[in-house]
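# Fold and geometry: a report
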Amino acid sequence: MSNTEKASLESLLGDVQIPLSAEIGHTEIAVKELLSMKAGSVIPTGKIAGQPLDLLSEGRLFARGEVVVVNGKYGIRILDVAIPHDSPSAADSDPEGVQS
């Protein structure tokens, strides 16, 4: 995409709001375990402490980041940004499409 095309796209869609979410990991538990949970229960995710969070939009990975605190609120510092799988440099990225 040329700089002109990018600028045109940004002027057209730049103010559109999209939902974002941060994901720390995945796991599966039995319904009986779910029903027995109470305050203080812990659900292990299998992700190693310190590994980056996955940042998603509409369920699609777009970046990875780390949790930070800004003015007493949580934020996420972007570490890696996703490259679409059909881009020429996607072959140089990891299998999940995130550029390091």
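Just above, that's the structure.
Calculation rules
- Residues numbered from 1 in each chain as written.
- Predicted model: local features only at pLDDT ≥ 70, side-chain atom pairs only at ≥ 80, totals over all residues.
- Heavy atoms only, no water.
- Helix = DSSP H or I, 4+ residues; strand = E, 2+ residues; numbered from the N terminus.
- Buried < 20%, exposed > 50% of the residue type's maximum accessible area, 1.4 Å probe, protein only.
- Contact = heavy atoms within 4.5 Å.
- Pairing = 2+ DSSP bridges.
- Salt bridge = Lys/Arg side-chain N within 4 Å of Asp/Glu carboxyl O.

### Notes on the overall build of the protein chain
The number of helices and strands found in the protein chain is 2 helices and 5 strands. Secondary structure elements of the protein chain, listed N to C terminal, follow the sequence α-β-α-β-β-β-β. The proportion of buried residues among the 100 residues of the protein chain is 17%. Pairs at least 24 residues apart make up 25% of the contacts formed inside the protein chain by residues separated by at least 6 positions.

### Notes on the environment of F62
Residue placement: F62 occurs in strand 3 (residues 60-70). Put simply, F62 and V81 are 19 residues apart on the chain and 6.1 Å apart in space, counted from C-alpha to C-alpha. Other than its neighbours up to four places away in sequence, F62 contacts L20, L55, L56, S57, V81 and A82.

### A short note on the pairing of strand 3
A regular strand places its side chains so that they alternate between the two faces of the sheet. The pairing of strand 2 (residues 53-57) with strand 3 spans 5 bridges and is antiparallel. Across the sheet, the residue bridging to D54 is R64, located in strand 3. In this structure, the hairpin formed by strand 2 and strand 3 is closed by a connection of 2 residues, where E58 is found at a positive phi of approximately 55 degrees. Summarising the sheet, strand 3 and strand 4 (residues 73-82) pair through 8 bridges and their orientation is antiparallel. Among the inter-strand pairings, V69 is bridged to a residue of strand 4, identified as Y74. Taking the residues that link successive antiparallel strands as the turn, the strand 3-strand 4 hairpin has 2 residues, and the phi of N71 there is positive, at about 50 degrees.

### A word on the pattern of salt bridges
As enumerated under the stated definition, the model contains 3 salt bridges in all. A salt bridge links K47 to D54; the shortest N-O distance between them is 3.9 Å. Of the charged contacts, one joins E66 and R77 as a salt bridge, the two residues approaching to 2.7 Å between their closest N and O atoms. You can see E66 sitting in strand 3 and its partner R77 sitting in strand 4, a full 11 residues away along the chain. For E66, a relative accessible area of 32% corresponds to the partly exposed category.

### Digging into unusual backbone geometry
Of note in the backbone geometry, E58 takes a positive phi value of approximately 55 degrees without being a glycine. Among the structural elements, E58 can be located in the loop between strand 2 and strand 3. Under the relative-accessibility criterion, E58 is labelled exposed at 65%.

Read these as geometric descriptors, not functional statements.
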